[in-house]
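Listed below are the residues making up each chain.
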Amino acid sequence: MKVYIAGKVTGLEKTEILSKFYESRKQLKEEGHTVMSPSVLVLNEGFEHEDYMHICYAMIDVCDAVYMQKDWQNSEGAKMEFQYAKDKKKQIIYEDESTRED
């Protein structure tokens, strides 16, 4: 399955972003998934939030599911990705089931 990772990015240091998305990617790959991570966008500075969201939505479009990191509810962007994925009828996978929303 192709899986997009959604989680908090804004307000975190680059190293923290890359580390947490790397760990999620590693886990999902070990489970046999093909992974799309927005952490690659961290290296491209200077774009507006809506530009990044446009790119993230395109990433979600080509995936079967969205993996919600445990901090996703603390991120406006991840909440937007969650709603977009639901609207597109994508499977939602939660890192932490206590953050599940239906």
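Residues numbered from 1 in each chain as written. Predicted model: local features only at pLDDT ≥ 70, side-chain atom pairs only at ≥ 80, totals over all residues. Heavy atoms only, no water.

**Q** Sorry, what's going on with the packing of aromatic side chains here?
**A** Aromatic ring pairs: the centre-centre distance and the angle between the two ring planes describe each pair. Evaluation of the coordinates by the stated rule reveals four aromatic pairs. Summarising the aromatic geometry, the rings of Phe47 and Tyr52 are spaced 5.9 Å apart at their centres and angled 70° between planes, so their arrangement reads as edge-to-face. Here Phe47 falls in the partly exposed class, since its relative accessible area comes to 49%. Note on Tyr57 and Tyr84: the rings are 4.2 Å apart at their centroids and 15° apart in plane angle, and the pair reads as stacked. In this pair, Tyr57 is assigned in helix 2 (residues 49-61) and Tyr84 in helix 3 (residues 76-87), connecting sequence segments 27 residues apart. (Phe/Tyr/Trp six-rings, centres within 6.5 Å; stacked < 30°, edge-to-face > 60°. Buried < 20%, exposed > 50% of the residue type's maximum accessible area, 1.4 Å probe, protein only. Helix = DSSP H or I, 4+ residues; strand = E, 2+ residues; numbered from the N terminus.)

**Q** I keep staring at the sheet that holds strand 2 (residues 34-36) and nothing clicks. Help me out?
**A** Hydrogen bonding along the main chain pairs the strands of a sheet, whether they run parallel or antiparallel. As summarised here, the arrangement of the four strands in space is 2-1-3-4, forming an open sheet in which the pairing is parallel. Bordering the open sheet on either side are strand 2 and strand 4 (91-94), each of which pairs with just one other strand. Across the sheet, the axes of successive neighbouring strands diverge by a mean angle of 30°, strand direction being ignored. In this structure, strand 3 (residues 65-68) lies alongside strand 4, joined through four bridges in parallel fashion. The residue bridging Val66 from the neighbouring strand is Ile92, located in strand 4. Together, strand 1 (2-6), strand 2 and strand 3 form the strand contacts of helix 1 (residues 14-30), whose direction differs from that of strand 1 by roughly 155°. (Pairing = 2+ DSSP bridges. Axes fitted to C-alpha atoms, helices over the stretch in contact; angles between N-to-C directions. Contact = heavy atoms within 4.5 Å.)

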